[in-house]
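Structural description and commentary
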Amino acid sequence: MTSASGFLHSLPMRQLRGVGPALAEKLAKLGINTVEDLLFLLPRQYEDRSQITPFGALIPGMTTLAEGEVKLADIALGRRRALLVRLRDHTGGLTLRFYHFRQSQKESYRPGLRVRVFGEVRLGPLGPEMVHPEVEFLSEETASPESGLTATLTPIYPLVDGLTQRRLRELMARALPLLDQTDALVDVLPARSSGGWTLADALRYVHAPPLDSDRRRLLAGEHPAQQRLAFEELVAHQLSLLQRRQRQRQWPAPACTDSAQLSEQFLHQLPFQLTHGQQTVLHEIRHDLQQPTPMLRLVQGDVGSGKTVVAALAACPVLAAGYQVAIMAPTEILAEQHRQRFQSWFEPLGIPVGWLAGKVTGKARQTQLNSIASGECRLVTGTHALFQDSVQFARLGLVIIDEQHRFGVEQRLALTRRGLASGFAPHQLIMTATPIPRTLAMSAYGDLDTSVIQGLPPGRQPIQTVVLPATRRDDLITRIAHHVASGQQVYWVCTLIEDNEQIQAQAAEVAADLLRESLPHLAIGLIHGQLKAADKAAIMAAFASGQIAVLVATTVIEVGVDVPNASLMVIENPERLGLSQLHQLRGRVGRGSAASFCVLLYQTPLSGLGRERLQILRDSQDGFVIAEKDLSLRGPGEVLGTRQTGDISFRMADLLRDQHLLEPARVLAEHLMRDNARLEQALLQRWVAEKDHYATV
Ligand code: ADP
Ligand code: MG
């Protein structure tokens, strides 16, 4: 029975020597139940504890073992109280410095004792020192020079609650020899796709790399043994996405054709023609909607490519077939804007538009809920308030999620589950303006089909982007005055690194006051996340109607907001934001036919990297190009947003480094899905189940 998945898969941790009930329970809480689970807790870093560096040879910056005799332990008073311990060996001295310590600790450093320490060397006032090193007091037996020195590099494991590195290493040392037995683990990868490394060999290597390994490669995660594991992890991840897709498609969905010609009527009232890119994507969506299985489609389109109208047209066949459509946006400002737009489009066609957001409460909320539940309300726009349990749809046929990068996968699935009550699954249309490099999209949205809206509506002028130091603020203010005099509007965006609404709001208030002082004759508005929803809506409306000339805002306006007459945007401290986020922000201008400008007003001095990043933005307006660069400069977290990256954290794989493995991983995963349920299960349990318990170092 065990041979189906290898015997370590069902060998409980309790069976490992030295693991009692208390430890086993602690491990179980971390998702480590079997010896296999333990072996797949993978180190990310390594230390060299193979030799002792004499004090005389310590160099600041090196991390090493050192050993010597205690001369003196003393408490230094001063700016920061510290316990200082002086050690000596035959080549020189070393100071240990502890800021957090107990009195008893001082006593334990009796002169004459020998200690071995491990830590990073820095230059202190008395020569080399280590701050809070690991310390081992040596006894007669351990005092021999070689004892305790490792014959391999020492792995550093991801921090797991309540377990020390030492404890983990001891456990691994007991588990690793079990790999020698035949049938220890299921090895899912054919040798040819794994560089000749068996799974057992790869595990042995990463947990205990020999001292002569290529350290640069190892630390970069590029050793073939690590790559072998990373590949397997990516296969498992792709499998989990394919399974999610399969699960979502096990339900029937309403096949919708637009027999009522609603789309025709809709197009007829539009003041413009669809672009070729919009038409192509719409064609794909319509085809999906006609199937009796749920559509799972991601539409990517650069800022301003016209996704909203595509969403509205996607709703038409579903509405025509008598089903409900829900549209979810990540912010109230955007949800409100959608509400207005959908109302103006659909109410003339006899389709009432509902509205549900956090600010809708009390009786108004109950009325909305009732009409959603009765099916009277055919089209609902709103925020994440839409996926709360109290919302029951009568016949939900399509879920549209705008600016998906702001949501996590769970939220998306929660909304689609809302539809299941009626016995079928709603179709899903997910829209994102953050262009995601293909490889990253495969990982974040591997369960979705992808469409890209190519190109922008005609007549758009390119946005001219200028990079300006904050010292030129006065010139800029003059320019704003000219700009407004010519009938155009302006955004002034304050960015802050703090993810604190209150601090952001304060900064925006200060900026607004300054502008009001310099430009007393202009109508200057202020919007930020601290305002009441109704106030935000009123301010946005005043800006949209031209009553406000200059809108000072925090990044609350980042996504979706569409006021075509605004053609100048100033972004303060752009160096603090990711490129994709800046590109999003900048996309608020360049929506009308007037020439548009974006001024990136940076604080001096700007680092070399900072300069390089702003130049990328100045030189490109192609969201895909910018995202690729952002990915290589700042990693997947910046491009996808933390929400999304949280959904895809890996133990060994690295999306950037291992991009080349994604395509083959996908192919193998599809193959396993089709032909090998047993291996599929083994892989998923190994890599995906309960992975959330691991924190990363
Ligand atoms: P995004 O893709 O960033 O969500 P929007 O859907 O907000 O873009 O569209 C941006 C602007 O372009 C809107 O004012 C919209 O009315 C306009 N628009 C959309 N499609 C077209 C088109 N085919 N021709 C002209 N203007 C269009
Ligand atoms: Mg949009």
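Computed from a predicted structure; not experimentally measured.

Before going further, it helps to spend a moment on the state of the cysteines. As enumerated under the stated definition, the model contains zero disulfides in all. Left unpaired, Cys256 is separated from the closest cysteine sulfur, that of Cys316, by 12 Å. Judged by relative accessible area, Cys316 falls into the buried class, the value being 0%.

By the alternation rule, side chains of strand β12 (residues 379–382) split into Leu379 and Thr381 and Val380 and Gly382, which are all buried. Across four bridges, the pairing between strand β11 (residues 353–356) and β12 is parallel. Note on β12: the bridge partner recorded for Val353 is Leu379. At this point the chain moves from β11, through helix α12 (residues 362–374), to the parallel β12, and the crossover so formed is right-handed.

Once that is clear, we can look at the pattern of salt bridges. This structure, assessed with the given rule, holds 28 salt bridges. The closest approach of N and O atoms between Arg216 and Glu222, which form a salt bridge, is 3.6 Å. In this structure Arg216 comes out as exposed when scored by relative accessible area, which is 55%. Through salt bridges with shared partners, a single ionic network connects Glu36, Asp187, Arg228, Glu232 and Arg686.

So, about the site of ligand 1. Close contacts around ligand 1 come from 17 residues, with Gly304, Lys307, Thr308, Arg460 and Asp562 the closest. Measuring from a nitrogen atom of ligand 1, one finds a side-chain N or O atom of Gln278 at 2.9 Å. Within the side chain of Asp562, an N or O atom sits 2.7 Å from an oxygen atom of ligand 1. For ligand 1, the accessible surface in isolation is 570 Å², of which the surrounding protein chains cover 88%. Looking at the shell around ligand 1 residue by residue, the class counts come to four nonpolar, seven polar and six charged.

Quick look at the sheet that holds strand β15 (residues 449–453) now. A sheet is described by the order of its strands in space; here seven strands give the open sequence β11-β12-β10-β13-β14-β9-β15, paired in parallel fashion. What marks the edges here is a single partner per strand, and that holds for β11 and β15. Here the average twist between neighbouring strands, direction ignored, is 20 degrees. Across the sheet, helix α9 (residues 276–289) is in contact with β9 (296–301), β13 (396–402), β14 (427–432) and β15; its angle to β15 comes to roughly 155 degrees.

Quick look at the sheet that holds strand β19 (residues 550–553) now. Ordered in space as β16-β21-β20-β17-β19-β18, the six strands form an open sheet in which the pairing is parallel. If you trace the sheet from one side to the other, it starts and ends with β16 (463–469) and β18 (524–527), each paired once. With direction set aside, neighbouring strand axes in the sheet form an average angle of 20 degrees. Sheet topology note: the β16/strand β21 (residues 596–602) ladder contains seven bridges and is parallel. Across the sheet, the residue bridging to Gln464 is Phe597, located in β21. Helix-sheet contacts for helix α17 (residues 533–544) involve β17 (489–494), β18, β19 and β20 (566–572), and the interaxial angle to β18 is about 145 degrees. Strands β16, β17, β20 and β21 of the sheet are contacted by helix α18 (residues 579–586), whose axis makes an angle of about 150 degrees with β20.

Once that is clear, we can look at the side chain of Arg297. Tracing the chain through its elements places Arg297 in strand β9. A polar side-chain atom of Arg297 sits 2.6 Å from a polar atom in the side chain of Asp288. Once residues lying within four places of it in the same chain are set aside, the contact partners of Arg297 are Glu284, Ile285, Asp288, Gln428, Leu429, Ile430, Asp449, Thr450 and Ser451.

This part covers the packing of aromatic side chains. Tallied over the full model, the rule gives ten aromatic pairs. Look at Tyr109 and Phe137: their rings are 5.2 Å apart centre to centre, the planes differ by 45 degrees, and that puts the pair in the tilted class. Linking Tyr109 in the loop between α3 (103–108) and β5 (114–124) with Phe137 in strand β7 (residues 134–138), this pair joins segments that are 28 residues apart in sequence. By relative accessible area, Tyr109 is classed as buried at 4%. Ring geometry for Tyr323 and Phe424: centres 5.3 Å apart, planes at 85 degrees, overall edge-to-face.

Viewed as axis vectors pointing N to C, helix α5 (residues 199–207) and helix α7 (residues 224–248) meet at an angle of 120 degrees, and their least axial separation amounts to 8 Å. The orientation of α5 with respect to α7, classified from their angle, is oblique. The hand of the α5/α7 crossing is left-handed. In this structure, α5 contributes Leu199, Ala202, Leu203, Tyr205 and Val206 to the contact, and α7 contributes Ala225, Gln226, Arg228, Leu229 and Glu232. For the contact of α5 with α7, the per-class residue count stands at seven nonpolar, one polar and two charged.

With that settled, consider the nonpolar core. If you look at the biggest cluster of nonpolar residues, it comprises 91 residues, and the most contacted ones within it are Leu8, Leu16, Val35, Leu39, Leu203 and Leu229. Sequence-distant contacts of Leu16, defined by excluding residues within four places in its chain, comprise Val35, Leu38, Leu171, Arg174, Ala175 and Leu178. By size, the runner-up hydrophobic cluster in this structure holds 37 residues, among which are Phe266, Ala315, Cys316 and Trp345.

Rules and cut-offs
Residues numbered from 1 in each chain as written. Chains lettered and ligands numbered in written order. Predicted model: local features only at pLDDT ≥ 70, side-chain atom pairs only at ≥ 80, totals over all residues. Heavy atoms only, no water. Disulfide = S-S within 2.5 Å. Buried < 20%, exposed > 50% of the residue type's maximum accessible area, 1.4 Å probe, protein only. Helix = DSSP H or I, 4+ residues; strand = E, 2+ residues; numbered from the N terminus. Pairing = 2+ DSSP bridges. Right-handed = clockwise from strand over helix to strand, strands pointing away. Salt bridge = Lys/Arg side-chain N within 4 Å of Asp/Glu carboxyl O. Near = heavy atom within 4 Å. Polar contact = N/O pair within 3.5 Å; in protein donor to acceptor, adjacent residues only side chain to side chain. Areas by Shrake-Rupley, 256 points an atom, 1.4 Å probe, with all protein chains shown as cover. Nonpolar A, V, L, I, M, F, W, Y, C, P; charged D, E, K, R; others polar. Axes fitted to C-alpha atoms, helices over the stretch in contact; angles between N-to-C directions. Contact = heavy atoms within 4.5 Å. Phe/Tyr/Trp six-rings, centres within 6.5 Å; stacked < 30°, edge-to-face > 60°. Parallel < 35°, antiparallel > 145°, perpendicular 65-115°, else oblique. Left-handed = near helix turned anticlockwise from the far one by under 90°. Core = buried A, V, L, I, M, F, W, Y, C linked by side-chain atoms within 4.5 Å.

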